[in-house]
Amino acid sequence: MPSHDSGAGRVRGGIPGGLPLSAECIDPDALRRAIAHNRPAFVYLIPTFQNPSACCYTGEVRRAVAGALDETGVPLIQDDPYRDLVYQPADRTPICAYLRRAPWVYLGSFSKITAPGLRVGYLAASPTLFRGLVRLKQASDLHTNRLGQVWLARFLNSDEFEAHRARMIGVYRERRDAMQTALLHHFAELAEWQVPVGGLFFWLRLSADCDTLAALQAALARDVAFMPGEPFFPLWSLPYPAVRLNFSHAAPEPIEQGIAVLGELLSGLAEGVPSRHSRAAVSV
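In what follows, the accompanying structure is described.

Procedures and definitions
Residues numbered from 1 in each chain as written. Predicted model: local features only at pLDDT ≥ 70, side-chain atom pairs only at ≥ 80, totals over all residues. Heavy atoms only, no water. Buried < 20%, exposed > 50% of the residue type's maximum accessible area, 1.4 Å probe, protein only. Helix = DSSP H or I, 4+ residues; strand = E, 2+ residues; numbered from the N terminus. Arc of directions from axis to C-beta. Contact = heavy atoms within 4.5 Å. Axes fitted to C-alpha atoms, helices over the stretch in contact; angles between N-to-C directions. Parallel < 35°, antiparallel > 145°, perpendicular 65-115°, else oblique. Left-handed = near helix turned anticlockwise from the far one by under 90°. Nonpolar A, V, L, I, M, F, W, Y, C, P; charged D, E, K, R; others polar. Pairing = 2+ DSSP bridges.

What follows is about helix 4 (residues 146–156). Those residues of helix 4 that sit buried are G148, L152 and F155. Down the axis of helix 4, the sector holding all buried residues measures 65 degrees, keeping them to one side. Opposite the buried face of helix 4, at more than 90 degrees from it, the exposed residues are R146, L147 and R154. Where the residues of helix 4 are buried, they touch helix 5 (160–186).

Our next topic: the packing of helix 1 (residues 28–38) against helix 2 (residues 59–72). Contact geometry for helix 1 and helix 2: axes closest at 9 Å, N-to-C directions at 20 degrees. The pairing of helix 1 with helix 2 is recorded here as roughly parallel in orientation. By crossing handedness, the relation of helix 1 to helix 2 is classed as right-handed. Facing helix 1, whose interface residues are P28, L31, R32 and I35, helix 2 presents V61, A64, V65, G67, A68, L69, E71 and T72. In the contact of helix 1 with helix 2, the residues fall into 8 nonpolar, 2 polar and 2 charged.

Excluding glycine, a negative phi dihedral is what most residues carry, and trans is how most peptide bonds are arranged. Each neighbour pair has its own omega, and for N51 with P52 the value is 20 degrees, a cis peptide bond. With respect to the helices, strands and loops of the structure, P52 is situated in the loop between strand 3 (43–45) and helix 2. Not every positive phi belongs to a glycine, and F49 is a case in point at roughly 60 degrees. Checked against the element boundaries, F49 lands in the loop between strand 3 and helix 2.

Strands sit in the order 7-8-10-9 across an open sheet of 4 strands; the sheet is antiparallel. Two strands in the sheet have a free side with no partner beyond their single neighbour: strand 7 (191–192) and strand 9 (227–228). In the sheet, strand 8 (residues 201–206) pairs with strand 10 (residues 242–246) via 5 bridges, with the strands oriented antiparallel. Within strand 10, the residue paired with L204 across the bridge is V243.

Here you go:
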């Protein structure tokens, strides 16, 4: 699935940027060149089931990315909220586990593996950054809600947690498979995609130009929701028509119904309009 989503974030005068995604996600050599050219304050990555593409870096790419960061000394912020939502074998080793020199921050969340309404996450960091991050946390909200932390600590240490996680992964896998079946039925001529091996999302590159914001309004009028692709691109000059679909919320039957409605709407909006975007773009 072709993509130019943000694989590596950078900040230069407050302006974010990104790298193309390939079949193995970002190109470590392209990352190295981007660092040399832009001198970013940090690199931000979601290497495991990335939002929105669901891309998962291979072990080789993870080690190569760590090597590029160690060479340049640029800090890494790794966001890893979807790591436990895995449906097929995949390398999920944190990139910071391979770092020897570059500073790093590792972010995680419990809301994806326990309950969406539980807004409790965690952070680990290299010693040079940790104390400053603690001060920033204290200055922003002092501490995360105590009731949520107490409940979570008890749940994680109970016999129920592993059974809950296994049951949840089974449910999400079933819904992923239901969405894949529905997409093959209703989107075969409308988009390109890959089946995610983990996470919560399908990322569809549409085959023809389409006003996805207009499609969203039409879909909402029929009780179907999706995420237009435009907000996920770091630079507005790069987008191709795309949509992100979340399979975690609905059961298989509503998924089939929703994909049918969405396919009908997108087919009507894109009818007779050839895509402006080259299919020679990098594949994911």
